[in-house]
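Structure at a glance
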Amino acid sequence: VQLVESGGGLVQPGGSLRLSCAASGFTFSSYAMNWYRQAPGKERELVAAISSAGGSTNYADSMKGRFTISRDNAKNTVYLQMNSLKPEDTAVYYCNARIRGVNCWGQGTQVTVSS
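For the structure given in this document, a descriptive report is provided here. Just so we're clear, the structure is a prediction, and the values are computed from it rather than from any experiment. (Residues numbered from 1 in each chain as written. Predicted model: local features only at pLDDT ≥ 70, side-chain atom pairs only at ≥ 80, totals over all residues. Heavy atoms only, no water.)

1. Points about the state of the cysteines
Using the criterion set out here, one finds one disulfide in the structure. With its sulfur 2.1 Å from that of its partner, C21 forms a disulfide with C95. The disulfide joining C21 to C95 has a torsion of about -80° about its S-S bond and is therefore left-handed. Note that C21 is positioned in strand 3 (residues 17-24) and C95 in strand 9 (residues 91-99), a separation of 74 residues in sequence. Exposure remark for C21: the relative accessible area of 0% places this residue in the buried category. C95 supplies the cysteine sulfur nearest to C104, a cysteine that is in no disulfide, at a spacing of 10.0 Å. (Disulfide = S-S within 2.5 Å. Helix = DSSP H or I, 4+ residues; strand = E, 2+ residues; numbered from the N terminus. Buried < 20%, exposed > 50% of the residue type's maximum accessible area, 1.4 Å probe, protein only.)

2. A look at the pattern of salt bridges
Should their charged atoms come close, side chains of opposite charge can pair. A complete count under the given rule lists four salt bridges for this structure. E45 serves as the salt-bridge partner of R37, at 2.7 Å between the closest nitrogen and oxygen. Overall, R37 belongs to the buried group, its relative accessible area being 6%. In this structure, the salt-bridge partner of R37 is D89, at a minimum N-O distance of 2.9 Å. (Salt bridge = Lys/Arg side-chain N within 4 Å of Asp/Glu carboxyl O.)

3. Digging into the nonpolar core
Ranked by internal contacts, the top residues of the largest apolar core, which has 30 residues, are F26, M33, W35, V78, L80, M82 and Y93. Residue assignment for this core shows that the elements contributing at least two residues are strand 3, strand 4 (33-38), strand 5 (45-50), strand 7 (67-72), strand 8 (77-82), strand 9 and strand 11 (109-113). Top element by residues in this core is strand 9. It accounts for five residues. (Core = buried A, V, L, I, M, F, W, Y, C linked by side-chain atoms within 4.5 Å.)

4. Description of unusual backbone geometry
Glycine aside, the phi torsion of most residues is negative, and most peptide linkages are trans. Even without being a glycine, N76 presents a positive backbone phi close to 50°. With respect to the element layout, N76 can be found in the loop between strand 7 and strand 8. Taking the relative accessible area as the measure of exposure, N76 reaches 26% and is therefore partly exposed. Non-glycine residue S84 carries a positive phi angle of around 50°. Classification of S84 by relative accessible area gives partly exposed; the value is 41%.

This is how it looks when you write it as structure tokens:
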């Protein structure tokens with residue numbers, strides 16, 4: 001199983017970023033996918049989740065209305081569109097899937113929101 005995130009970077013408050021996670025080594029379309037984040041000194045937290053077919057999504061309360069999770073099963077990729085970014089969104093963002101009972105993680109991509 002391999003999960004590779006990309007798309008992070010430095011953005012000003014109010015800006016947008018789109019993260020991508022390319023998956024391989026498993027049947028992508030059969031599994032729900034998640035985005036987590038971890039800020040310095042804080043625990044890793046769930047940002048958003050999407051069902052295997054993409055028909056159901058869930059968000060942490062602080063991300064509702066600003067973040068959108070989506071997936072393209074033909075490309076084995078899950079996305080996180082982040083709008084209206086705030087300094088408190090600064091964190092390392094991780095792609096996650098639970099494959100046959102095992103939590104699988106990507107290496108993470110840094111998102112920094114600062115003026």
